[in-house]
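Structure assessment
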Amino acid sequence: MLLSALGLFVTAVLLTAGAGYWAYQHYTGRVQRIPQTFPTDAPVPAASKGGQNFLLMGLDSRSDVPTTGSDAKGKLWKYGDQRSDAMMLVHIPDDHSAAYVVSLPRDSWVDIPGRGRAKLNAAFSWGGPPLLIDTVQRLTDVRVDHFAVIDWNGFRKLTDAVGGVEILMADGERRHMNGEEALAYVGERKNLPNGDFDRTHRQQNYLRTLLEKVMTSASLKDPLQLKKTLDIFTETVSVDERFGDDDMRQLVWNMREVRAGDMTFMNAPVKGTGTERGQSVVHLDRARCATLWRAFKDDSLEAYVDTHPIDRLRPATN
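Structural notes, computed from the coordinates. Being a predicted model, the structure only gives us computed values, none of them experimental.

Side note on the overall build of the chain
- Counting secondary structure elements, the chain contains ten helices and 14 strands.
- Expressed as a percentage of its 318 residues, the buried residues of the chain come to 55%.
- The contacts in the chain between residues at least 6 apart in sequence include a share of 73% that link residues at least 24 apart.
- When the accessible area of the chain is evaluated, it comes to approximately 13,700 Å², of which 47% is carbon and sulfur surface.

Next comes the structure, spelled out in structure tokens:
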């Protein structure tokens, strides 16, 4: 029910808003790294012809203490205890002019290495980040370059740190939400016409709303408020151990001109829903997905979006 994607992009926005070189060094160095993130003894797809791919995850840990970020007091993963409620595969093209965010339905019926077929979100529950990454890479044939995660506690804390968000609802009205209310908003599915598919768009809508606020916020000119928000980020988000300080700083610098209007949010193509072993599941459209994943590998998502029908969040206005 969480949005881990905000981690990478909020960092990029905040660090380029005047925090300076000291902030680059100080805050990227404080981001929590996850040891042994990537699978071993597993096939690794060829790198994309351009750009980078990030697997971003929201964690349903149902823990009373934080499990992600530098403020973590509980384990990120314990067998059977946590499931990935939000998963987004993000491609940043080689020219760093945009970002493409594809939500992977948590109930997608997929092959999980060594486990057989099951729901996609079971991969993290059974094997933590390595099994989830292995599953996604085999499913898409897209190499995951980096991984980031945030849990429920971090979601609420980060939302409150920016003063809440003004969400544009389906009826056209805007509603102010604090962290707890925003968590309920992105987690709702039973009362939505299209269930989980509408829920992923709510998650995307929240993320973009947060980005728009941060990018235009007067608080970015307030050093104390800026420091507070950066502190919250490092306390709540964890990334893979390969995502070094220099890599993060380079990404921040390269993405400095990207705005919400440069980001495309969509759902992975699906055939529909069904039942497997008494469970409600989502069946991905293999043929259409293969074309999408090829665009990831070829660094051609701009052309893909222009020429293919997609389940897309309405474009941003800025």
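Points about helix H8 (residues 245-254)
- For H8, the complete set of buried residues consists of Met248, Arg249, Leu251 and Val252. Looking straight down H8, one finds its buried side chains confined to an arc of 160°; they lie on one side.

Remarks on the packing of helix H4 (residues 152-161) against helix H5 (residues 179-187)
- At a minimum axis distance of 8 Å, the contact between H4 and H5 shows a crossing angle of 125°. On the basis of the axis angle, H4 is oblique to H5. Every pair of crossing elements has a handedness; the one defined by H4 and H5 is right-handed. Residues Trp152, Phe155, Arg156, Thr159 and Asp160 of H4 pack against Gly179, Glu180, Ala182, Leu183 and Val186 of H5.
- When grouped by side-chain class, the residues that make up the contact of H4 with H5 number five nonpolar, two polar and three charged.

A short note on the side chain of Thr200
- Note that Thr200 resides in helix H6 (residues 196-216).
- Those residues in contact with Thr200, other than ones at most four positions away along the chain, are Ser103 and Asn267.

Describing the packing of aromatic side chains
- In this structure the tally under the stated criterion is two aromatic pairs.
- With centroids separated by 5.9 Å and ring planes inclined at 65°, the aromatic side chains of Phe54 and Phe243 adopt a geometry described as edge-to-face. One end of the pair, Phe54, is in strand E2 (residues 52-60); the other, Phe243, is in the loop between strand E10 (237-240) and H8, with 189 residues separating them in the sequence. Across the pair, Phe243 and Phe54 agree in class, each one buried.
- Measuring from centroid to centroid gives 5.6 Å for Trp293 and Phe296, while their planes differ by 65°, and the two rings are edge-to-face. With Trp293 and Phe296 both in helix H9 (residues 286-298) and three residues apart, the pair spans about one turn of that helix. For the pair Trp293 and Phe296, one class covers both residues: buried.
- Here the basic side chain of Arg242 rests over the ring of Phe38, its NZ or CZ set 3.9 Å away from the ring centre.

So, the nonpolar core
- Core analysis: the biggest nonpolar cluster contains 37 residues, and Leu132 and Trp293 have the highest contact counts within it.
- Only E2, strand E3 (83-92), strand E4 (99-103), strand E5 (109-112), helix H3 (122-140), strand E7 (146-151), H9 and helix H10 (301-307) provide two or more residues apiece to this core.
- Among the elements that take part in this core, H3 stands out by supplying seven residues, more than any other.
- Residues within four places of Trp293 in sequence aside, it is in contact with Leu89, Val102, Leu104, Leu139, Thr140, Val142 and Ala268.

Remarks on the pairing of E10
- As paired strands, strand E1 (residues 32-34) and E10 are joined by three bridges and run parallel to one another. The partner of Gln32 across the bridge, within E10, is Ser238.
- Inspection of the sheet shows E7 paired to E10 by three bridges, in the antiparallel sense. Opposite Ile150, over in E10, you have Val237 as the bridge partner.

Topic: the pattern of salt bridges
- Taken as a whole and assessed by the stated rule, the structure comprises eight salt bridges.
- Between Arg117 and Asp111 there is a salt bridge, with its nearest N and O atoms 3.2 Å apart.
- Given the relative accessible area of 25%, Arg117 is considered partly exposed.
- Across the pair Arg288 and Asp285 runs a salt bridge whose closest N-O atoms are separated by 3.9 Å.

Topic: unusual backbone geometry
- Positive phi outside glycine occurs at Gln36, with the angle close to 50°.
- Along the chain, the position of Gln36 falls in the loop between E1 and E2.
- We classify Gln36 as exposed; its relative accessible area is 68%.
- Of note, His96 is a non-glycine position whose phi angle comes to about 55°, a positive value.
- Within the fold, His96 resides in the loop between E3 and E4.

Conventions and cut-offs
Residues numbered from 1 in each chain as written. Predicted model: local features only at pLDDT ≥ 70, side-chain atom pairs only at ≥ 80, totals over all residues. Heavy atoms only, no water. Helix = DSSP H or I, 4+ residues; strand = E, 2+ residues; numbered from the N terminus. Buried < 20%, exposed > 50% of the residue type's maximum accessible area, 1.4 Å probe, protein only. Contact = heavy atoms within 4.5 Å. Areas by Shrake-Rupley, 256 points an atom, 1.4 Å probe, with all protein chains shown as cover. Arc of directions from axis to C-beta. Axes fitted to C-alpha atoms, helices over the stretch in contact; angles between N-to-C directions. Parallel < 35°, antiparallel > 145°, perpendicular 65-115°, else oblique. Left-handed = near helix turned anticlockwise from the far one by under 90°. Nonpolar A, V, L, I, M, F, W, Y, C, P; charged D, E, K, R; others polar. Phe/Tyr/Trp six-rings, centres within 6.5 Å; stacked < 30°, edge-to-face > 60°. Lys NZ or Arg CZ within 6 Å of the ring centre and 35° of its normal. Core = buried A, V, L, I, M, F, W, Y, C linked by side-chain atoms within 4.5 Å. Pairing = 2+ DSSP bridges. Salt bridge = Lys/Arg side-chain N within 4 Å of Asp/Glu carboxyl O.

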